[in-house]
Amino acid sequence: MLIMKKILIASTNKNKVREIREMLKGKYEVLSLADLDCDVDVKEDAYTFIENASIKARAYYDLAKIPVIADDSGLSIAYFNELPGVHSARFYKNYSYFERNTKILEMMKDIKDRTAHYTCAMVYYDGEQEYHFIGECYGEIAQKIAGENGFGYDPIFYYPPLGKTFAEISAEEKHKVSHRGIALRKLVAHLEA
Ligand code: IMP
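The paragraphs below set out a description of the structure included in this document. (Residues numbered from 1 in each chain as written. Predicted model: local features only at pLDDT ≥ 70, side-chain atom pairs only at ≥ 80, totals over all residues. Heavy atoms only, no water.)

### Describing the side chain of serine 76
The residue serine 76 is located in strand 3 (residues 68–77) in this model. By relative accessible area, which is 5% here, serine 76 ends up buried. Within polar-contact distance, the side chain of serine 76 engages the backbone oxygen of glutamate 82 at 3.3 Å. In contact with serine 76, not counting residues within four places along its chain, are Glu82, Leu83, Gly85, Thr115, Ala116 and His117. (Helix = DSSP H or I, 4+ residues; strand = E, 2+ residues; numbered from the N terminus. Buried < 20%, exposed > 50% of the residue type's maximum accessible area, 1.4 Å probe, protein only. Polar contact = N/O pair within 3.5 Å; in protein donor to acceptor, adjacent residues only side chain to side chain. Contact = heavy atoms within 4.5 Å.)

Written out as structure tokens, the structure is:
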């Protein structure tokens, strides 16, 4: 019987766990915090994606004592000086993503430079060593909300090579080009090296 290595995904964000799980399927036994029935209040108040991911990876390793993947990610909009960036999850926190996306489109009304990118910092920590991997995906803020797939800002993240928003493409298509897909493939290549 093939015994797969266990990895804990240190995230309470169900969408991120789902995406990482989909991408590691068949390669690793992916556990989430729900599987371990554990949770810890981690303060993600650092100034960089890597630092935040590192804080999460170490906190969850201390709890579970199995190798951990932590991801910190966000959407940076050039016109807003690369904000919300690391603050993406906290930006208009008490509003739904539909409301947040609507707000961004209002703020970007008539703005020509719509350049935006997603960043994903992934940290793998096995209790001894910590490894960092970055994935970036460039696109634009769409003119209108479109699509129902994905999560978060995907309905307003227009990806020119496919001519669609991330919410209009399938999960498989997204994984091939997304910030999370890029970072995770680097991480897996490292684990398999
Ligand atoms: P984190 O859990 O602190 O890393 O929060 C990341 C936040 O960035 C998410 O809650 C979303 O608002 C945004 N984000 C990161 N990756 C994606 C993505 O793939 N699609 C849409 N929004 C994303």
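Moving on from the coordinates now.
### Structural notes on the layout of surface pockets
One number sums up the size of the largest pocket: a volume of about 710 Å³. If you trace the largest pocket, you find 32 residues lining it, with Asn13, Lys16, Glu44, Lys56 and Ala89 closest to the centre. Looking at the lining of the largest pocket, the elements with two or more residues in it are helix 1 (14–24), helix 3 (49–64), strand 3, helix 4 (97–107) and helix 6 (179–192). Considering each element in turn, the lining of the largest pocket owes the most residues, 4 residues, to strand 3. (1 Å grid on protein atoms, 1.4 Å probe; cavity = no way out; pocket = protein on both sides within 12 Å on 5 of 7 lines; lining within 4 Å. Points joined across faces, edges and corners; volume = space filled by probe spheres on them.)

### Focus: the side chain of arginine 100
Along the chain, arginine 100 falls in helix 4. For the buried arginine 100, which has no salt bridge, the nearest side chain bearing the opposite charge is glutamate 99, at an N-O separation of 7.3 Å. A polar side-chain atom of arginine 100 sits 3.5 Å from the main-chain carbonyl oxygen of serine 88. With residues near it in sequence (within four places) discarded, arginine 100 still touches Ser88, Ala89, Phe91, Tyr92, Lys93, Tyr95 and Tyr153. (Lys, Arg positive; Asp, Glu negative; His and termini not counted. Salt bridge = Lys/Arg side-chain N within 4 Å of Asp/Glu carboxyl O.)

### With respect to the site of the ligand
Around the ligand there are 19 residues in total, and Lys16, Tyr97, Asp154, Lys174 and Arg180 lie nearest to it. Here a nitrogen atom of the ligand and a side-chain polar atom of aspartate 154 are 2.8 Å apart. Burial of the ligand by the protein chains amounts to 94% of its free accessible area of 490 Å². In this structure the site holding the ligand corresponds to the largest pocket. Put simply, the parts of the chain that give the shell around the ligand at least two residues each are strand 3 and helix 6. The element best represented in the shell around the ligand is strand 3, accounting for 4 residues. A class-by-class count of the residues in the shell around the ligand yields 5 nonpolar, 6 polar and 8 charged. (Near = heavy atom within 4 Å. Areas by Shrake-Rupley, 256 points an atom, 1.4 Å probe, with all protein chains shown as cover. Sits in = over half its atoms within 2 Å of the grid points. Nonpolar A, V, L, I, M, F, W, Y, C, P; charged D, E, K, R; others polar.)

### Notes on the pattern of salt bridges
For the structure shown, the criterion picks out 11 salt bridges. Its salt-bridge partner being aspartate 71, residue lysine 16 comes within 2.6 Å of it at the nearest N-O pair. A residue pair is termed long-range when its members are at least 10 positions apart, and lysine 16 in helix 1 and aspartate 71 in strand 3 qualify at 55 residues. The exposure class assigned to aspartate 71 is buried, which follows from its relative accessible area of 2%. Taking the shortest distance from any N to any O, the salt bridge between aspartate 154 and lysine 174 comes out at 2.7 Å. On the criterion of sequence distance, the pair formed by aspartate 154 in the loop between strand 6 (130–141) and strand 7 (157–159) and lysine 174 in helix 5 (residues 171–177) is long-range, its members being 20 residues apart.

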